[in-house]
Amino acid sequence: MSFELPALGYAYNALEPHFDARTMEIHHTKHHQAYINNLNNAIKGTDLEGKSIEEVLKNLDMNNMAVRNNAGGHWNHSLFWEVISPDNKGRLSGALLDAIIAAFGSKEEFMEKFAAAAMSRFGSGWAWLSAHKDGKVEICSTPNQDNPLMPGVGNCGIPIMGLDVWEHAYYLHFQNRRADYVAAFWDVLNWNAVEAKYEAATR
Ligand code: MN
């Protein structure tokens with residue numbers, strides 16, 4: 001069974017005016033699809049074929065750049081689509097709110113630190129909010145399509161929220177204004193989905 005492009009739970013234009021339809025469509029059907037195609041080609045006929053994406057990442061040979069870049073690209077984008085939504089009615093609450101206050105002092109301070117991680121990532125990469133088994137959360141950032149599930153990327157836990165800061169994620173609409181794109185992320189972030197991922201990561 002090859003990896004397949006996951007369907008979005010919303011239309012490409014559903015996140016307007018924050019994330020524009022053209023970027024969403026190209027990002028999903030071209031960029032994410034390309035990672036999947038390249039991943040399927042890279043693992044064809046190897047013992048990675050048929051493994052889950054999490055298994056592929058956990059046992060990754062970091063020197064195998066084709067698998068590293070494309071397995072990361074597939075997992076990272078799949079998470080990204082799940083934590084954004086036009087039904088942005090979720091409010092941060094419960095155990096995740098408590099963990100964020102414990103780690104950062106307040107939701108506002110968390111948002112500032114997360115935005116700083118997204119802004120200070122030089123070139124292409126991702127900003128993450130990750131959870132540890134004991135319930136602690138932390139912010140980290142990785143280059144390219146790396147993520148904290150990969151061996152040797154750091155002890156950052158399981159990502160429960162991720163922001164793509166590759167230019168392909170924002171250039172059509174925001175051009176060089178990454179800060180405006182990061183600000184728009186909060187308008188489409190689905191806290192309910194992040195909370196569900198927090199619960200799954202700390203269960
Ligand atoms: Mn992307």
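Since this is a predicted model, take the numbers as computed values, not measurements. Residue positions are counted from 1 within each chain, in the order its sequence is given. Where totals are concerned, whole chains, interfaces and linings use all residues; where local detail is concerned, this predicted model gives features only for residues with pLDDT of at least 70, and gives and counts side-chain atom pairs only at 80 or more. Computation of side-chain values: all heavy atoms of the structure, hydrogens and water removed.

S.K.: What exactly am I supposed to notice about unusual backbone geometry here?
M.R.: Glycine aside, residues mostly have negative phi angles, and peptide bonds mostly take the trans form. In the segment running from Glu16 into Pro17, the intervening peptide bond is cis, with an omega of 0°. Strands are runs of DSSP state E lasting at least 2 residues, helices are runs of H or I lasting at least 4, and numbering of each runs from the N terminus. As for its placement among the helices and strands, Pro17 is situated in the segment before helix 1 (21-43). Positive phi outside glycine occurs at Asn144, with the angle close to 55°. Along the polypeptide, Asn144 turns up in the loop between strand 2 (137-143) and strand 3 (158-164). Positioned with a positive phi, Gln175 is a non-glycine residue whose angle comes to about 50°. Tracing the chain through its elements places Gln175 in the loop between helix 6 (171-174) and helix 7 (178-188).

S.K.: Explain the pairing of strand 2 to me, please; I cannot follow it from the model alone.
M.R.: When a strand is regular, its side chains alternate between the sheet's two faces. Strands are treated as partners if at least two bridges between them are detected by DSSP. Examined bridge by bridge, strand 1 (residues 125-131) and strand 2 share seven bridges and lie antiparallel to one another. Following the sheet pairing, Ala127 is matched in strand 2 by Ser141. Between the antiparallel neighbours strand 1 and strand 2 lie five residues, among them Gly135 with a positive phi of about 100°.

S.K.: Please explain the domain arrangement of the chain as it appears in this structure.
M.R.: Where interface size is quoted, it is often the accessible area lost as the parts come together. Each assigned domain of the chain is listed with its residue range as follows: domain 1 (21-82) and domain 2 (94-202). Where each domain starts and ends comes from a domain assignment, either automatic or drawn from a database. Placing the centre of domain 1 and that of domain 2 at their C-alpha centroids yields a distance of 19 Å. The term buried area means the drop in 1.4 Å probe accessible area that two parts suffer when joined, counted for both and summed. Of the roughly 1,800 Å² buried where domain 1 meets domain 2, counting both sides, 63% is carbon and sulfur surface. The largest contributions to the domain 1 side of the interface with domain 2 come from Asn76, Leu79 and Phe80, which together make up 29% of the buried area.

S.K.: Got a minute to help me understand the sheet that holds strand 2 in this structure?
M.R.: Paired through backbone hydrogen bonds, the strands of a sheet run either parallel or antiparallel to each other. In spatial order, the strands read 2-1-3; together these three strands make up an open sheet with antiparallel pairing. Whereas interior strands pair on both sides, the edge strands pair on one side only; in this sheet they are strand 2 and strand 3. Looking at each pair of strands side by side, their axes are set apart by 25° on average, direction ignored. Summarising the sheet, strand 1 and strand 3 pair through six bridges and their orientation is antiparallel. Interaxial angle, 0 to 180 degrees, is taken between N-to-C directions of lines fitted to C-alpha atoms, where a helix line uses only the stretch in contact.

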